[in-house]
Amino acid sequence: MTDTMTTADFNQAGFEAFLASRREPEWMLAERRQAWSQFSDMQWPGRRDEEWMRTDIRLFKLRQYHLAFDPLDALPSEIIPLLDSHITLGGHVHTVDGNCVSSAIAEQWTQQGVVFGSLDDLTEEHADRFQTTLLKGSYDRQVDRFAALHSSFWSGGQFLYVPRGVHITEPLHVLSALTDGAADLGHTLVVLEDGASATLLAETASEQEDSGGLHCGAVELIVGDGASLRYVNLQNWGSNVWHFAQQNAVLGREANLQWTSAAIGSRLAKVNQHVTLAGEGANSQVNGVLFTQGRQHLSYHTLQHHQAAHCSSDFLYKSALQDKSQTVWRGMIRVDEGAQRTDGYQRNDNLLLSNEARADSIPGLEIEADDVRCTHGSTSGMVDEELIYYAMCRGFTRKEATRLIVTGFFQQIFDRITIDSVRDALGLAIARRVRDYE
Amino acid sequence: MTHKLTIENLHVSVDDKPILRGVNLVLHEGETHALMGPNGSGKSTLGMAIMGHPKYEVNSGTIKLDDQDVLALSPDERARAGLFMAFQRPVAIPGVKMADFLRHSTTNVRNPNRQEGEDLIPMKEFRKELTDNMNKLEMDVQFARRYVNDGFSGGEMKRAEILQLAMLQPTFAILDETDSGLDADAVRLASESIAEIGRAKMGLLIITHHDKLLIHNPPEFTHVMLGGRIVETGGIELAEELHASGYERIRAAYPDAEAQNEAMSSSEVIS
Ligand SMILES: Nc1ncnc2c1ncn2[C@@H]1O[C@H](COP(=O)(O)OP(=O)(O)O)[C@@H](O)[C@H]1O
Ligand SMILES: [Mg+2]
């Protein structure tokens, strides 16, 4: 080992080198050491684990990846963000392979106490704030070996802090880019104090459409009492990237969260998305859009956890699948004993564009309270040939007709997305991918 | 040149079940033909075969538009070549707005060589034309914002089909029971609009059970289909006769076709 190391492997020596490279308070390092020791004691999840039954990671080899310490100076030119066009942004953070290459926040907001930037850069200055929030909310460090890996090695990522009552009116943009074969263990932490509001547009991207790599990340959204967050994440990794993530939100009293989660990239994704309604009267809406192709496998496990009374959660996931791709959606509404007057809704619709594609839908309810309204449902089906024929009789080519039907299928979700540029970008990204089927 | 649609000895089956058994029909631009016949005789099947529905297999015979082999074309190529059918049962396309659907459709049909991704016709022009046509059809402007046929009443669907006919201005149009499911006023409006749209110079093949449509669009030719064949062709007086007295005379006059019609309809009950 030398002190000019530029990468760290995910082993003991690499971990020590990684720790040595960090400028972090002792409590943070101690938490990392604890997580690393847990990691060392754990096995990778296997097909006997319920969440992994349909998701095969036997070809995933951690030793093929390592963490880079030597940041590029700028985004590789191949990387073109989708979510930041045609809008005025209040700020941005761009990272490459977990290292920040550029960040900005309008002075108007910093003057009001807003903090926004690379999580790494802010660790020293805001350590106190992190001690009570980072990996502390509903993030489960021990749920599996990926969580332990992330808790040990998290690096890069972004931090957004909005003080009490501050309303950031312009969207903020976050881009996490990955070069071919690299690793990103980024962590996104968003803290909205009581009555604050913000819009955060986050997207991931790879150098090439078929780039590989590893992303083992986390998103933590902490939405204070009466605060309101619109969060968009577009997962657009290259088609050979392994993507493992916990994405959690905790909502305070009468907090509002609108979360649009779109996934079109990666080779295999296993994502746990948990929204915890912790304060009375909190409101959450989740709009999930999945479009898969080739041999992609996207596995989403959502939890709407109602801890407090009078909350509502509304999850709508739609996937369209082509080629031999697969999706798994496992949705759970959990209502704790005291969470009376819960209004919970979950729905998953799948549109199969090829008869070799496969969508598994497993909705679930666990209800301990007795005065609740919870509804769930799912549908799966092929594209109706009669619709294609009808559109073709009106001059649409088969491909245009398929695209039209896929766009129509997602329209219900697009109608719920309140940010025009996001709706347009998603619509376009999906339409571009629809292939010709005979 | 006067365009001409020629159907010769057309045999069509669905799921290996023979439906059309040698249909011959020639339409010229500017002519109106009525196609009549009892339920299940194969009228819609003829329309589907002309437009190229993949389930309707042409076993033999030819369809030609001028010198062009229609059977070699996909449905969208047929639409771009100038063929149109107003569906007896239009399908809904959830999430797709009528206006967006029609703008794309109109663009493709008017520019048969347009490649995917090329510009659509300008919004302003298109909107004006669409609004004009909707006004003529006494349709609410809101209609353009609704999803294609989604939750439409029977009457709204038929009206939407006529709107598409008006926008696409085909050379030949098949109107498959475009007047059913409408109340008297709507039938009158539909009949008048079709007359106005088609008067220009379209060739019309009108499949109908009613006479209103034919009063406004008097056919030069009336064809009667039975058991998958056109068994009789006459002038407007044949349509009038059938409307007044039904198909008894036809059924008795063509016992073979009648037997086949019966056989088709009975297997329909079983399937
Ligand atoms: N898509 C289809 N699938 C199965 N059978 C069909 C289909 N279309 C038509 N047929 C059969 O073909 C025959 C003729 O039907 P159709 O052409 O609809 O008659 P018409 O329009 O004269 O009432 C009927 O026996 C009908 O059951
Ligand atoms: Mg019919």
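The structure presented is a predicted model; accordingly, all values stated were derived computationally and were not measured.

## As for the coordination of the magnesium ion (ligand 2)
Here is step 1: Coordination of the magnesium ion (ligand 2) by the protein is provided by Ser44(B) (OG) and Gln88(B) (OE1), with metal-donor distances spanning 2.1 to 2.2 Å. A residue pair is termed long-range when its members are at least 10 positions apart, and Ser44(B) in helix H1 (residues 43–51) and Gln88(B) in the loop between strand E6 (83–86) and helix H3 (98–110) qualify at 44 residues.

## Overview of the domain arrangement of chain A
All names here are of chain A.
Here is step 1: If you check the domain split of chain A, you get domain 1 (13–383) and domain 2 (384–438).
Here is step 2: Placing a centre on the C-alpha atoms of domain 1 and another on those of domain 2 gives a separation of 27 Å.
Here is step 3: Contact with domain 1, which involves 39 residues of that partner, is made by 26 residues of domain 2.
Here is step 4: A combined buried area of about 2700 Å² lies between domain 1 and domain 2, and 64% of that area is made up of carbon and sulfur atoms.

## A look at the packing of aromatic side chains
Note on aromatic pairs: each is described by the distance of the centres and the angle between the planes.
All names here are of chain A.
Here is step 1: The tally for this structure, following the rule as stated, stands at 28 aromatic pairs over all chains.
Here is step 2: For the pair Phe 15 and Trp 36, a centre-to-centre distance of 5.0 Å together with 15 degrees between the ring planes defines the contact as stacked. Placement of the pair is Phe 15 in helix H1 (residues 12–21) and Trp 36 in helix H2 (residues 26–41), with a sequence separation of 21 residues.
Here is step 3: On the basis of relative accessibility, which here comes to 6%, the residue Trp 36 falls in the buried class.
Here is step 4: Sitting above the plane of the Trp 44 ring, Arg 145 keeps its charged end 4.7 Å from the centroid.
Here is step 5: The ring of Phe 409 has Lys 318 lying over it, and the distance from NZ or CZ to the ring centre is 4.3 Å.

## Looking at the interface of chain B and chain A
Here is step 1: Across the contact, 35 residues belong to chain B and 20 residues belong to chain A.
Here is step 2: Both faces considered, chain B and chain A share a buried interface measuring about 2200 Å² in area, 62% of it formed by carbon and sulfur atoms.
Here is step 3: At the junction of chain B with chain A, the criterion picks out three salt bridges.
Here is step 4: For Glu400(A), the salt bridge goes to Arg114(B), with nearest N and O atoms at 3.1 Å.
Here is step 5: Applying the counting rule to chain B against chain A returns 17 residue pairs in polar contact (both at pLDDT 80 or more).

## Some details on the sheet that holds strand E4 (residues 99–105) of chain A
Residues and elements named next belong to chain A.
Here is step 1: Read from one edge to the other, the open sheet built from 10 strands follows the order E4-E3-E7-E10-E12-E14-E16-E18-E20-E22, with strand pairing classed as mixed. Of all strands in the sheet, those with a lone pairing partner are E4 and strand E22 (372–382), marking the two edges. Going from strand to strand, the sheet's axes swing by 5 degrees on average, the running direction of each strand aside.
Here is step 2: Across 10 bridges, strand E16 (residues 283–292) lies against strand E18 (residues 312–321) in parallel orientation. Bridge assignment links Leu 290 to a residue of E18, and that residue is Ser 319.

Quick notes on the rules
Residues numbered from 1 in each chain as written. Chains lettered and ligands numbered in written order. Predicted model: local features only at pLDDT ≥ 70, side-chain atom pairs only at ≥ 80, totals over all residues. Heavy atoms only, no water. Donors = N, O, S within 2.8 Å, 3.2 Å for Na, K, Ca; no water. Helix = DSSP H or I, 4+ residues; strand = E, 2+ residues; numbered from the N terminus. Domains from an automatic or database assignment. Contact = heavy atoms within 4.5 Å. Buried area = accessible area lost by both parts, 1.4 Å probe. Phe/Tyr/Trp six-rings, centres within 6.5 Å; stacked < 30°, edge-to-face > 60°. Buried < 20%, exposed > 50% of the residue type's maximum accessible area, 1.4 Å probe, protein only. Lys NZ or Arg CZ within 6 Å of the ring centre and 35° of its normal. Salt bridge = Lys/Arg side-chain N within 4 Å of Asp/Glu carboxyl O. Polar contact = N/O pair within 3.5 Å; in protein donor to acceptor, adjacent residues only side chain to side chain. Pairing = 2+ DSSP bridges. Axes fitted to C-alpha atoms, helices over the stretch in contact; angles between N-to-C directions.

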